[in-house]
Amino acid sequence: MPAVRFQPGDTVMGRWPGSNLYYEVKVLRFDPKTQLYTVIYKDGTELELKDGDIKSLTGFKQGRSRSRSRSRSPARTRRSRSRSPARTVRRSSSRTTEVRKEKFKEVLEVRLTPVVRTQSENQVGSRYNLRRRKDQGDGRPAELEKKLEAILPQATPREAVKTTELEFGGRFGVLFWLLFLPVMVLALLILCAQEDASLLNFPLTPPPLHSLWDCQVFGIVLLWLLFQAVLSLLPIGKVVEGMPLKNGKTLKYRINGFYALIFSAISVGAASYNEVDLSYIHGHFLQFYTSALIISILLSVYLFIRSRWAAVDDLAPAGNSGYVFYDFFMGRELNPRIKDFDIKFFCEMRPGLIGWVVINFAMLLAEMKHKNLDTPSPAMLLVNGFQLLWVADGLWHEEKLLTMMDIVHDGFGFMLAFGDLAWVPFTFTCQAYYLASHPSDLSAFWIVAIMIMNVVGYYIFRKANSQKFAFRRNPSDPALSHLKTIPTATGKSLIVSGLWGFVRHPNYLGDLIMALAWSLSCGFNHVIPYFYLIYLILLLVHRNARDEHQCRKKYGLAWGEYCKTVRYRIFPGIY
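Parameters at a glance
Residues numbered from 1 in each chain as written. Predicted model: local features only at pLDDT ≥ 70, side-chain atom pairs only at ≥ 80, totals over all residues. Heavy atoms only, no water. Helix = DSSP H or I, 4+ residues; strand = E, 2+ residues; numbered from the N terminus. Buried < 20%, exposed > 50% of the residue type's maximum accessible area, 1.4 Å probe, protein only. Contact = heavy atoms within 4.5 Å. Areas by Shrake-Rupley, 256 points an atom, 1.4 Å probe, with all protein chains shown as cover. Salt bridge = Lys/Arg side-chain N within 4 Å of Asp/Glu carboxyl O. UniProt positions renumbered as here; feature names shortened; annotations may be inferred. Pairing = 2+ DSSP bridges. Axes fitted to C-alpha atoms, helices over the stretch in contact; angles between N-to-C directions. Parallel < 35°, antiparallel > 145°, perpendicular 65-115°, else oblique. Left-handed = near helix turned anticlockwise from the far one by under 90°. Nonpolar A, V, L, I, M, F, W, Y, C, P; charged D, E, K, R; others polar. Phe/Tyr/Trp six-rings, centres within 6.5 Å; stacked < 30°, edge-to-face > 60°. Expected span 1.5 Å × (residues − 1). Patch = residues over 30% accessible without salt bridge, like charges linked within 9 Å, V, L, I, M, F, W, Y side chains within 5 Å. Core = buried A, V, L, I, M, F, W, Y, C linked by side-chain atoms within 4.5 Å. Disulfide = S-S within 2.5 Å.

Topic: the overall build of the protein
Each helix and strand in the protein was counted, giving 21 helices and 13 strands. Across the 575 residues of the protein, 45% fall into the buried class. The contacts in the protein between residues at least 6 apart in sequence include a share of 70% that link residues at least 24 apart. When the accessible surface of the protein is split by element, carbon and sulfur atoms take 61% of a total near 31,900 Å².

Pasting the structure below:
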């Protein structure tokens with residue numbers, strides 16, 4: 001093993017990848033496995049460099065002074081080389097020139113290819129390595145490839161990067177969440193079904209088994225998942241590419257979620273027209289939740305087992321800690337697929353979100369049935385309308401999901417499987433489920449005020465998200481030329497004007513305003529309708545803290561300048 005030339009803390013000259021420019025950097029550490037130095041530039045950018053790309057400070061200055069003196073020496077330009085009369089002038093023959101040209105043509109091309117770094121690594125930027133370009137039909141003989149492969153050193157297979165920064169309380173914290181989250185949802189649903197939805201009236205005895213399990217209900221949930229999977233595979237809608245993966249490749253996704261919502265609405269309408277009792281969902285809601293919970297657990301087990309054979313490039317940066325329960329919770333594989341069927345992308349938007357709308361409609365019918373109403377209550381109409389708008393908007397802009405952290409960074413494990421299939425359709429519907437048994441009388445003033453609040457929140461939410469998505473896709477778009485930005489060492493820029501210049505994460509602000517409008521529609525008698533609002537606040541606090549940590553590490557000094565420019569925060573003292 002070669003000796004380590006530089007120690008942590010040494011100031012050296014590091015070559016910027018892809019160029020011949022050297023900058024003064026500080027050595028942070030050396031990885032004996034990869035034989036790479038982690039260095040930090042003056043602007044806060046951290047990169048990994050090979051030993052050959054680093055020079056000592058004194059040697060670099062001496063080399064520059066020698067080259068400068070040679071190029072500027074007057075004697076060097078005046079001196080002529082004396083030639084002995086006996087010496088003959090050597091001329092290169094045409095044959096030698098042709099041989100050199102042939103050898104030159106046979107030299108394999110090399111190129112710098114960036115390998116996207118994982119967020120779990122303690123640095124930002126791109127690692128550069130030399131890779132031989134594959135044949136592209138340029139006529140070069142395959143024999144030369146084989147000879148060079150025998151001569152050149154073979155690349156050792158890359159090892160998966162271990163996850164060192166653990167979230168959600170680490171390996172013991174995820175055990176708590178694995179047990180607590182399913183029980184908490186069950187308790188919430190039991191409370192919503194009580195006539196007096198108060199914690200003081202919570203039943204101390206567990207519910208009977210028949211109220212939690214029914215084979216027919218389990219079959220209905222499976223059919224719903226199958227129905228949505230078939231809709232997602234229909235050859236309608238455009239096909240787009242996702243964000244680049246670690247190996248530089250991009251996956252393709254069919255965007256037809258809004259069509260799936262329309263087909264689902266037509267199917268539910270047809271069932272209702274044929275007198276199918278959709279209020280059955282309200283009467284067996286606990287059984288529907290238990291079925292969804294079991295399916296999410298089975299799916300998580302399958303995903304964890306298949307991830308053991310996943311390639312290194314297919315692993316998620318946050319789910320490879322080596323701790324079984326932590327990796328099971330976070331998800332090891334980033335984009336698990338069965339041929340062209342992307343399991344995570346399907347679960348993120350289809351069965352849970354569209355199921356949310358269907359359950360809300362079932363609660364509306366249950367309210368009319370149990371209260372003997374000819375029309376739904378204003379509060380139930382507001383909740384159904386607001387949340388239908390939110391789901392329809394998400395499916396209409398389904399392509400924007402491909403740039404979100406759930407798709408780009410998070411693995412698909414129990415956290416997302418349970419969240420998509422059980423948490424979303426059975427906690428986000430708690431307002432409609434509550435109103436089915438606990439009517440809320442709203443005056444005309446409150447109806448108008450709540451509607452205005454939701455419209456304002458939706459405008460902020462949609463405007464901010466659309467602006468962020470457009471800027472990520474094409475920062476040079478003329479439609480975005482009016483935006484002010486701060487350049488960073490990573491080559492990306494941070495928006496500091498418009499909504500993004502007024503407050504950090506304005507999309508979160510719009511989401512919070514809408515969540516408040518949904519909760520206010522249910523009145524002030526109980527805290528249960530405000531569960532979604534409380535959950536959203538806690539979720540955004542966690543996300544903001546994580547974003548703050550990652551952005552400060554990624555953008556370095558540019559992030560400090562951004563924080564000085566955009567001072568207003570949704571949660572003061574947190575982000």
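A short note on the pattern of salt bridges
Per the counting criterion, the structure on display carries 8 salt bridges. Asp277 is paired through a salt bridge with Lys369; the nearest N and O atoms lie 3.2 Å apart. Placement of Asp277 in the loop between α7 (257-273) and α8 (280-283) and of Lys369 in helix α12 (residues 351-370) is noted, with a sequence separation of 92 residues between them. Notably, a salt bridge pairs Arg350 with Glu398, separated by 3.1 Å at the nearest N-O pair. Of the two residues, Arg350 is situated in the loop between α11 (343-349) and α12 and Glu398 in the loop between α13 (378-396) and α14 (405-408); the sequence distance between them amounts to 48 residues.

Structural notes on the UniProt feature "transmembrane region" (unreviewed entry) in the protein
In the UniProt entry, the feature "transmembrane region" (unreviewed entry) is given for residues 172-191, 211-234, 255-273, 285-305, 416-436, 442-461, 482-503 and 515-541. Taken as a whole, residues 442-461 contains 90% helix and 0% strand, while its terminal C-alpha atoms sit 26 Å from one another. Across residues 482-503 one finds 18% helix and 27% strand; the C-alpha atoms that close the span lie 18 Å apart.

A few points about the pairing of strand β9 (residues 252-255)
Here β9 shows one buried face, formed by Tyr253 and Ile255, and one open face, formed by Lys252 and Arg254. Bridging between strand β8 (residues 238-241) and β9 involves 4 bridges; their strand directions are antiparallel. Paired with Val240 across the strands is Tyr253, a residue of β9.

Some details on the environment of Asn335
On the secondary structure map, Asn335 appears in the loop between α10 (324-330) and β10 (337-338). Along the primary structure Asn335 and Ile407 are separated by 72 residues, whereas in three dimensions their C-alpha atoms are 7.7 Å apart.

Focus: the packing of helix α5 (residues 170-193) against helix α9 (residues 285-306)
Axis separation between α5 and α9 bottoms out at 10 Å; the angle between their running directions is 170°. Looking at the two axes, α5 sits roughly antiparallel to α9. Classified by chirality, the crossing of α9 by α5 is right-handed. Contacts between α5 and α9 pair Leu181, Pro182, Val185, Leu186, Leu189 and Ile190 from the former with Phe285, Leu286, Tyr289 and Leu293 from the latter. In the contact of α5 with α9, the residues fall into 10 nonpolar, no polar and no charged.

Describing the packing of aromatic side chains
Overall, the coordinates contain 33 aromatic pairs when judged by the stated rule. With a centroid separation of 6.2 Å and 45° between ring planes, the pair formed by Trp224 and Phe227 is classed as tilted. Of the two residues, Trp224 and Phe227 are both situated in helix α6 (residues 215-233); the distance of 3 residues between them amounts to about one turn of the helix. Given the relative accessible area of 22%, Trp224 is considered partly exposed.

A look at the environment of Thr488
For Thr488, the position within the fold is in the loop between β12 (485-487) and β13 (493-495). Sequence separation between Thr488 and Tyr555 is 67 residues; the distance between their C-alpha atoms is 6.0 Å. In this structure Thr488 touches Ser493, Leu494, Tyr555 and Ala558, once residues within four positions along its chain are discounted.

Re the sheet that holds strand β5 (residues 54-56)
In spatial order, the strands read β4-β3-β2-β1-β5; together these 5 strands make up an open sheet with antiparallel pairing. Single-partner strands in this sheet number two, and they are β4 (46-50) and β5. Pairwise comparison of adjacent strand axes, ignoring direction, gives a mean angle of 50° for this sheet. Summarising the sheet, strand β3 (residues 36-40) and β4 pair through 5 bridges and their orientation is antiparallel.

Examining helix α19 (residues 506-520)
For α19, which comprises 15 residues, the first-to-last C-alpha distance of 21 Å matches the rise-based estimate of 21 Å (1.5 Å per residue) to within 8%. The set of residues buried in α19 consists of Pro506, Asn507, Tyr508, Gly510, Asp511, Leu512, Met514, Ala515, Ala517, Trp518, Ser519 and Leu520. Buried residues along α19 sit in contact with α12, α13, α16 (430-435), α17 (444-473), α18 (499-502) and α20 (531-555).

A few points about a nonpolar patch on the surface
A grouping of Phe172, Leu175, Val324 and Phe325 is seen on the molecular surface, where their side chains present a nonpolar patch of about 410 Å² in accessible area. Within the residue set of the nonpolar patch, elements represented by two or more residues are α5 and α10. Inspection of the secondary structure assignment puts Leu175 in helix α5.

Observations regarding the environment of Phe60
With respect to the helices and strands, Phe60 occurs in helix α1 (residues 57-72). Beyond its immediate chain neighbours, meaning those up to four positions away, Phe60 contacts Met13, Tyr22 and Lys55.

Some details on the nonpolar core
Counting residues in each nonpolar core, the largest one holds 104 residues, and the members touching the most others are Phe418 and Phe426. Among all residues touching Phe426, those that are not within four sequence positions of it are Val185, Leu189, Phe285, Phe288, Tyr289, Ala292, Ile359 and Leu421.

Things to note about the state of the cysteines
Summed over the entire model, instances satisfying the criterion amount to 0 disulfides. We note that Cys192 lacks a disulfide partner, and the nearest cysteine sulfur, in Cys430, lies 5.6 Å from it. Classification of Cys192 by relative accessible area gives buried; the value is 0%. The exposure class of Cys430 is buried, given its relative accessible area of 0%.

Structural notes on unusual backbone geometry
Residues other than glycine seldom take positive phi values, yet Asn372 does so here, at roughly 55°. The phi dihedral of His505 is positive, around 55°, even though this residue is not glycine. Of note, His505 is situated in the loop between α18 and α19.

Some remarks on the packing of α6 against α7
Two elements in contact, α6 and α7, have axes whose closest approach is 10 Å; the angle formed by their N-to-C orientations is 135°. When the axes of α6 and α7 are compared, the pair comes out oblique. Helix-helix and strand crossings are classified by hand; for α6 and α7 the assignment is right-handed. Counted together, Trp224, Phe227, Gln228 and Leu231 of α6 and Ala260, Phe263, Ser264 and Ser267 of α7 form the full contact between these two elements.

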